[in-house]
Amino acid sequence: MIVSDFLKSIAQFDDPRFRRVLWRGLGLTIVLLVAACLLVIFGVNQLLSSPLVAGLIGDQTWLGTLINIGGVLFTIALSIWLMVPVASAIIALFLDEVARAVEERHYPHLPHQTAPKLTDQILVSIKFLGILILANIGALIVSLILPLLAPFVFWATNGYLMGREYFHMAAMRRLPRAQAQALFQRHRGSIWIAGILMAIPLTIPLVGLFIPILGAATFTHQFERLRALPSD
């Protein structure tokens, strides 16, 4: 059933609303990361031109150039690492549009749902980004200690986080927070597995950028399927 939810989401990628969310999310992500690179370059240049640093390195212009290049390369590497979590958080701003597209095609009997406030969407995106970055820093540390387990740690960590966050986003469009949380607790195992299915492609360059949209669609399907089941 989880695979069926995922395949239905892939099949709907011909929906122009899916592609519109993808391009907007990628555009904002690229702008944000380029701005971060420029900010680091400006900061390094300002630091190197300060009297204190100039006094320490003297006329060693080669050292200043090396530091500048190192700062730029570090920022580019960090941007590549942050691309997926930043894109995931930014695309989260538009996930309601994806969920509505899924509902209109597959669940037309559902009543129209008012879009959440932009401020609420921004807060959710910031929270999601913070959780993803902190969790991936933790997963990176564990992976450095136990390198053979690195992919499994990454999949398990991001799978749980993506499952929890995307399922809550889908559920809270239709249920109060307490009911959404209770439904998550009853089915957290299958939700975690669905999250792992989302997390595995994150390790594939470029493919991972499509996952936030597929995740929003997949967990909309999963939510509708799970809430139709009789409760224990």
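Residues numbered from 1 in each chain as written. Predicted model: local features only at pLDDT ≥ 70, side-chain atom pairs only at ≥ 80, totals over all residues. Heavy atoms only, no water.

A. Spatial organisation of the overall build of the protein. Secondary structure assignment for the protein yields 10 helices and 0 strands. Traced from its N-terminal end to its C-terminal end, the protein shows the element sequence α-α-α-α-α-α-α-α-α-α. Taken over 232 residues, the protein has a buried fraction of 44%. Looking at the protein alone, contacts between residues at least 24 apart form 82% of all its contacts between residues at least 6 apart. About 12,800 Å² of surface is accessible on the protein, with carbon and sulfur atoms providing 74% of the total. (Helix = DSSP H or I, 4+ residues; strand = E, 2+ residues; numbered from the N terminus. Buried < 20%, exposed > 50% of the residue type's maximum accessible area, 1.4 Å probe, protein only. Contact = heavy atoms within 4.5 Å. Areas by Shrake-Rupley, 256 points an atom, 1.4 Å probe, with all protein chains shown as cover.)

B. Local environment of the packing of aromatic side chains. One pass over the structure, following the stated rule, counts 8 aromatic pairs. Their ring planes at 20° and their centres at 6.3 Å tell us that Tyr166 and Phe219 sit as a pair that is stacked. Within this pair, whereas Tyr166 is found in helix H7 (residues 150-171), its partner Phe219 is found in helix H10 (residues 211-227), the two being separated by 53 residues in sequence. Here Tyr166 and Phe219 have matching classes, each one buried. (Phe/Tyr/Trp six-rings, centres within 6.5 Å; stacked < 30°, edge-to-face > 60°.)

C. The arrangement of the packing of helix H9 (residues 188-199) against H10 in detail. For the pair H9 and H10, interaxial distance at closest approach is 10 Å and the crossing angle is 160°. Between H9 and H10, the crossing angle belongs to the class labelled roughly antiparallel. Viewed along their axes, H9 and H10 form a crossing whose handedness is right-handed. From H9, Ser190, Ile191, Ala194, Gly195 and Met198 reach across to H10, where they touch Ile211, Leu214, Gly215, Thr218, Phe219, Gln222 and Leu226. Looking at the contact of H9 with H10, its residues break down into 7 nonpolar, 5 polar and no charged. (Axes fitted to C-alpha atoms, helices over the stretch in contact; angles between N-to-C directions. Parallel < 35°, antiparallel > 145°, perpendicular 65-115°, else oblique. Left-handed = near helix turned anticlockwise from the far one by under 90°. Nonpolar A, V, L, I, M, F, W, Y, C, P; charged D, E, K, R; others polar.)

D. Seen up close, the pattern of salt bridges. Across all of its chains, the model carries 12 salt bridges by this definition. Arg17 is paired through a salt bridge with Asp15; the nearest N and O atoms lie 3.3 Å apart. By relative accessible area, which is 6% here, Asp15 ends up buried. One salt bridge connects Glu97 with Arg20, and the closest N-O pair in it is separated by 2.8 Å. Of this pair, Glu97 sits in helix H5 (residues 95-106) while Arg20 sits in helix H2 (residues 16-48), placing them 77 residues apart in sequence. Classification of Arg20 by relative accessible area gives partly exposed; the value is 40%. Overlapping salt bridges, with partners in common, bring together Asp96, Arg100, Glu103, Arg173 and Arg174 in one network. (Salt bridge = Lys/Arg side-chain N within 4 Å of Asp/Glu carboxyl O.)

E. A look at the nonpolar core. Core analysis: the biggest nonpolar cluster contains 43 residues, and Phe18, Val98, Tyr166, Phe167, Ile213, Phe219 and Phe223 have the highest contact counts within it. Elements represented by at least two residues in this core include exactly helix H1 (2-11), H2, H5, helix H6 (118-145), H7, helix H8 (177-186), H9 and H10. For this core, the element with the highest residue contribution is H10, accounting for 8 residues. (Core = buried A, V, L, I, M, F, W, Y, C linked by side-chain atoms within 4.5 Å.)

F. Spotlight on a nonpolar patch on the surface. A cluster of nonpolar side chains, namely Leu134, Ile137, Ile141, Val142, Ile145, Leu146, Leu149 and Phe152, defines an oily patch on the protein surface of about 760 Å² accessible area. No other element matches H6, which puts 5 residues into the nonpolar patch. Structurally, the position occupied by Val142 is in helix H6. (Patch = residues over 30% accessible without salt bridge, like charges linked within 9 Å, V, L, I, M, F, W, Y side chains within 5 Å.)

G. Region of interest: the environment of Val102. Checked against the element boundaries, Val102 lands in helix H5. Along the backbone, Val102 and Asp15 are 87 residues apart, and their C-alpha atoms lie at a distance of 9.3 Å. When neighbours within four sequence positions are excluded, Val102 is seen to be in contact with Gln12, Phe18, Tyr107, Ala217, Thr220 and His221.

H. Examining the side chain of His221 more closely. The residue His221 is located in helix H10 in this model. Setting aside anything within four residues of it in sequence, one finds His221 in contact with Asp5, Lys8, Ser9, Val102, His106 and Tyr107.

I. Representation of the confidence of the model for the protein. Looking at the protein as a whole, its pLDDT mean stands at 78, while 76% of the residues score no less than 70. Within the protein, the lowest mean pLDDT, 61, falls on helix H3 (residues 51-57), and the highest, 89, falls on H8. (pLDDT = per-residue confidence, 0-100.)

J. Representation of H10 within the structure. For H10, spanning 17 residues, the distance from its first C-alpha to its last is 23 Å, which sits close to the expected 24 Å at 1.5 Å a residue. Of all 17 residues that make up H10, 16 are buried, and the element is covered over most of its length. (Expected span 1.5 Å × (residues − 1).)

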